[in-house]
Structures are given as structure tokens and as C-alpha cells.
Amino acid sequence: MIWDLHCHLNGIPGRTPDEKMARLIEVADRMQIERLVLFMGAPFLIAPTPEQFREQNDQVLQAISHWHHRAFGFVYLNPEYLQESLQELDRCVKDGPMTGIKLWVAKRCDSASVDAIVRRAIDLKAMVYQHTWLKTTGNLDGESTPADLHALASRHPEASIICGHTGGNWELGIRTIRDLPHVSVDLGGGDPTAGLVEMAVRELGASRVLYGSDVAGRSFASQLGKVTAAEITPEEKQMILGQNLRRLMSPILQVKGVRL
Amino acid sequence: MIDVNVSLSRWPNRRLPLDETSKLAAALKQNGVSEAWAGTFDGLLHNDLAAANKWLVDQCRSVDEKLLLPIGAINLSLPAWEEDVRRCHELHGMKGVRLLPGYHDYTLEDARFRQLLSLLAEKHMLLQIAVRQEDPRTQHRLLMTKDVDLKPLMTLLGDFPTLPVILLNAVSSSAVELHGQLAAAGKVYFDIATLEGLAGLERQVQSLPSERLLFGSHSPFFAFDSAKLKLEESELPAPAREQITHLNAVKILEELC
């Protein structure tokens, strides 16, 4: 069972979200990927206005509308617009089919507005995916580091939070969030560097490690290969490739009456 | 399958699961690799490259001479680098050499680079240029290097029409338009280790002819499966797939003789 935590419509050929989605599913089938989590539309917008993030979320809603048996959506928000973000969270998660939140690089996550979003996510049992990178070459102004995420997550032990990209510089990211058991790491979106999965399993336990690809910027292949080639047990690979995500998403799926 | 992009020895700031030659060789064989063109990570920072290349040859011989084909490291910033080329060719019988310009502080505009091309053409050897070894965003802050600028190659290739130039880890790290121009200007090849994107190989063969693509894994720094699974993610005509997995590499070696 393979569930991919991290997929985008951006970069996939197709004139409409439906066409892009059909192509995404076609290639996912080749790789035996059963379920996909989508967030953000096309093109990527690093600081979307409320109008823009609503439009991006509409693209995802449209894309998954014919694929509810294969795909989930996370709502893309911008904490710079807190009230509008909370309204959008209700529209897409509370009243819509989405199951989580995606926060990217508009604002560093160690801020009060993100606290408010996470509190609402806890109420809704929604997962919170926060992009993190600690770039040797320097971060964007609004780009969160694993340390920012640690600060946020420390204030919300009831939340289900994902450290995007394992912090990019994963040896540092893993160390940074190690003491927070409610924080999982997304393996996707970085080079398929050998040793990443082994360290994550050793330091966090396999139950906190999630396969995600960051397709279409990345390939399914390069990111799946991190897990399939890792020197860990077959049981740990199964957890990482799908079982963990299914477990983490179960509370909100139960609320929505989704049966797997 | 022929893997044109593997390295032996230790990565400078991390142990890798397959950084013992015997373990790497076993993994390659298990994955259906019949031949791998092996450089050495020692080439990144060592100054005694004669010793590093000798060690590389000994390691290749220690496991299976047919499996691991040594590709010596050359640093054009070192005094008497030509002697390292000579030893690679005459002493070790190597088929080619690998440059790591990002770690050796020169550009491809350097006059020594043209000299190297002449030497290799004369000796019927192939050239590998590692355009990057690691994503700059994840590099150790004391080991930061930039991707190699390939534009100067354009003006040189015309003078060396028979010299095979293999650009390692170049795809996704430099301009796609330039790749097509380089492939048209000379005998330039690209490996797929850093190829990304949904069904990336299907897209890649639209911009670069399949006869210029080579299977390369960048093992053991990258997980081998990442390259292998790219062949499953893309639907390619069987002839193109065979070119990429081995036929192009076989042809390069045959034409050196």
C-alpha cells in the first residue's frame, strides 16, 4: 500500500485540473501508488492573496472531485491573511472534502497567526503540513526552518504536524524535531540522498516517517527509491510508504464518514 | 545495465550505507548492473590524486574487474596534472577521467581545460564532468560549491568532434536549452541521476535524443533505486530504453578503440 503525502498539479501537462489529474493518476498507477494528497494549484504562488489561495484551492477541489477514491486535498492558506485563511479552512475542510492544511513560505510558522490556524486544525482533526527548509544557501524571508516548526509544535502537542522536506538539510531537521512525538517528517522534495531514511527511522522511529514525492517538481521514482533502497525492515517500509499516513488521517476521515 | 555514475570511497561529511566497495558492488549486481563506471570521492578533496587513483584501481580489481571500470580523478588546479592523466591511461589502462570542477576552483574557460580535451582526444579517452555532486542547498557550509557553468563547452566542442563528454548530474541543474545545444555541438551525453519530474524520462527524450542519455545512479551518494525506478515511471519505446540502459555506453567504449 503506497500513499503519497505530497503532490502538486503544477508542472503536470494539461489545460485543466481534470486533465492534469488524469495524467497524475496514470503515472501513479505505474508506480502502484494508491492514494495521493494534493495541495496548491498552478502556478505556484509564494504569497497568495485570499482571492488567489481560494482559486488555487478550487483547482485542487476540482482535480479530486472525480477521484475521491484515490486522492485527498489539503487546503493552501496564507497566515498573513488570518481571517480569510480561517474562513477558507472552514470552506475546504469543515464544509468541504479536504483533510489537512498546507502552509508554505508566505510567513514563518513561529507566529501568532499560525497558532490560530493550528488551533482550528486541532478542532477539525486536520493534519498540518508545514514546509520547512534550512538552506545552506539561505532561506526566503517567509520560509520556515525546522526550529520555527519546533517552536510552533511545542505549543500544540495535540496537533498532527508534518515537518515538510524533513527540514531540507535533513540531518539537522531530524535532530531539531526529534523530541516532539506529534511531529512527523515528510521525506519528499529533496534529492534521493542515501542514509536519510535510515537516520529518520533510527532517531524518530518508523511511525513518524512519511513517504511523499513533491511531484511534479520531483518524480515518484526518485522519492520512492529513498524508501525502497533503505536499509530498514520490510515492515518499516510499509509503515513509511502508506500505513503511517493512513493512521494519521484516520481521525478526520472518520469525522467525514470516509470508509477506506 | 551499465551505470556510468558511481563513486567509491567515503563522502567527505557523511557515512553512506553503501560506501564499502564490496557492499556497493553487491548492490549493483543485485540490481542487474553488469558494469559501473566508478570514480572516487577521494577526488573531491585529496591532493595526492595519483594515490587516490591507484587506490581506485585496486578497489575495482578487488571485487570484480568486469563490474567496476575505474575512472580516474583529475584536478586541473594541481601542479603537473598531465602526469595524472598519463598514469590513468598508461599505468592503469583507464578508459576515461572524471573532472570535479566545483571542488577544484576553475571554470571550463580555463586554458588547462582545453589542454585536457586535447590530451584525451589524443589518447582516445572519454571525459566525465561532474556538474554537481550535491544540491547546493544541502551542502555543508564549509564545503559549498556551485554547479559547473557549461556554456564555455559550446565553443570548444567543435574542435574535438570524436571526444565523448559525459555530463554527470547535469540534468535539472542547468538550462534545458543548453543541453540540446551541447548535444548538437559535440559528442555530449547526460546521465539520468538528477533527472526529476513526473515521468521525467518521457519528457527528457523530447528535448534530448535518447542516444545521448545514459543510465547513471550517482550511487552510493544517491539511493540506487531512484534511478532504477525512473525506468518504470516512464513509458519508453524499447529501443530508447535499451540505448539508455546500456547500448549508448557500450557504443562509447567501442568507439574509443
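Everything below is about the structure printed above this text.
Attention here is on the structure that accompanies the text. (Residues numbered from 1 in each chain as written. Chains lettered and ligands numbered in written order. Predicted model: local features only at pLDDT ≥ 70, side-chain atom pairs only at ≥ 80, totals over all residues.)

Turning next to the overall build of chain A. Of regular secondary structure, chain A possesses nine helices and eight strands. Here chain A has a C-alpha radius of gyration of 17 Å; the compact-globule value for 260 residues is 18 Å, and the two agree. If you line up chain A on its principal axes, its C-alpha atoms span 45 × 40 × 40 Å. Sorting the 260 residues of chain A into buried and exposed places 56% on the buried side. For chain A, restricting intrachain contacts to residue pairs at least 6 apart in sequence, the fraction spanning at least 24 positions comes to 72%. (Helix = DSSP H or I, 4+ residues; strand = E, 2+ residues; numbered from the N terminus. Rg over C-alpha atoms; globule rule 2.2 N^0.38 Å. Buried ≥ 20, exposed ≤ 12 C-beta atoms within 10 Å, placed from the backbone. Contact = placed C-beta atoms within 7 Å.)

Before going further, it helps to spend a moment on the overall build of chain B. When its secondary structure is counted, chain B shows eleven helices and nine strands. The C-alpha radius of gyration computed for chain B amounts to 17 Å, which stays within 12% of the reference 18 Å derived for 257 residues, consistent with globular compactness. Judged by the C-alpha coordinates and their principal axes, chain B covers about 45 × 40 × 40 Å. Residues counted as buried form 51% of the 257 residues belonging to chain B. Contacts in chain B between residues far apart in sequence, at least 24 positions, make up 76% of those at least 6 positions apart.

On to the interface of chain A and chain B. Contact residues are listed per partner, giving 33 residues for chain A and 28 residues for chain B. Counting residues per element, the ones that place at least two in the side of chain A that touches chain B are helix 1 (17-30) and helix 8 (220-228) of chain A. Take the side of chain A that touches chain B: its biggest share by element is seven residues, from helix 8 of chain A.

Quick look at the nonpolar core now. Among the nonpolar cores identified, the biggest contains 157 residues, and Leu38 and Ile101 of chain A together with Ala38 and Leu167 of chain B are the most heavily contacted of them. Sequence-distant contacts of Leu167 of chain B, defined by excluding residues within four places in its chain, comprise Ile129, Val131, Leu150, Val188, Tyr189 and Phe190 of chain B. (Core = buried A, V, L, I, M, F, W, Y, C linked by C-beta atoms within 7 Å.)

On the secondary structure map, Pro13 of chain A appears in the loop between strand 1 (3-7) and helix 1. Sequence separation between Pro13 of chain A and Leu24 of chain A is eleven residues; the distance between their C-alpha atoms is 9.2 Å.

Before going further, it helps to examine the sheet that holds strand 8 (residues 209-210) of chain A. In a beta sheet, neighbouring strands are held together by backbone hydrogen bonds and run either parallel or antiparallel to one another. The eight strands are arranged 1-2-3-4-5-6-7-8 (chain A) in an open sheet whose pairing can be described as parallel. On the outer flanks of this sheet lie strand 1 and strand 8 of chain A, each paired with one strand and no other. (Pairing = 2+ DSSP bridges.)

To continue, consider helix 7 (residues 196-204) of chain A. Residues lying three or four places apart along an α-helix face the same way, a consequence of the helix completing one turn every 3.6 residues. Residue and element names in this part refer to chain A. Those residues of helix 7 lying buried are Leu196, Val197, Ala200, Val201 and Leu204. Taken down its axis, helix 7 places every buried residue within 125° of arc, on the same side. The inward-facing, buried residues of helix 7 abut helix 6 (170-177), strand 7 (183-186), strand 8, helix 8 and helix 9 (234-255). A positive backbone phi angle near 90° is found at Gly205, which sits one or two residues after helix 7. (Arc of directions from axis to C-beta.)

Let us now look at the pairing of strand 5 (residues 127-130) of chain A. Residues and elements named next belong to chain A. By the alternation rule, side chains of strand 5 split into Met127 and Tyr129 and Val128 and Gln130, which are all buried. Two strands pair when backbone bridges link them, and strand 4 (residues 100-103) and strand 5 are joined in this way by four bridges, in the parallel orientation. The residue bridging Leu103 from the neighbouring strand is Gln130, located in strand 5. Note that the unit made of strand 4, helix 4 (residues 112-124) and strand 5 has a crossover that is right-handed. In this structure, strand 5 lies alongside strand 6 (residues 161-163), joined through three bridges in parallel fashion. (Right-handed = clockwise from strand over helix to strand, strands pointing away.)

Residue and element names in this part refer to chain B. With respect to topology, six strands assemble into an open sheet ordered 4-5-6-7-8-9, the strand pairing being parallel. Each having just a single partner strand, strand 4 (72-74) and strand 9 (213-214) make up the two edges of the open sheet. Across three bridges, strand 7 (residues 165-168) lies against strand 8 (residues 188-191) in parallel orientation. What sits directly across from Val165, in strand 8, is Val188. Those strands touched by helix 4 (residues 81-91) are strand 4 and strand 5 (96-99), and its axis lies near 165° from that of strand 4. (Axes fitted to C-alpha atoms, helices over the stretch in contact; angles between N-to-C directions.)

This part is about helix 6 of chain A. Of all eight residues making up helix 6 of chain A, six are buried, and the element is well covered by its neighbours. As for helix 6 of chain A, its buried residues are in contact with helix 5 (146-154), strand 6, strand 7 and helix 7 of chain A.

All names here are of chain A. With seven of its seven residues buried, strand 3 (residues 71-77) lies for the most part within the structure. Neither face of strand 3 is open: one carries Ala71, Gly73, Val75 and Leu77, the other Phe72, Phe74 and Tyr76, and all of them are buried. In the sheet, strand 2 (residues 35-38) pairs with strand 3 via three bridges, with the strands oriented parallel. Of the residues in strand 3, the one forming a bridge with Leu38 is Gly73.

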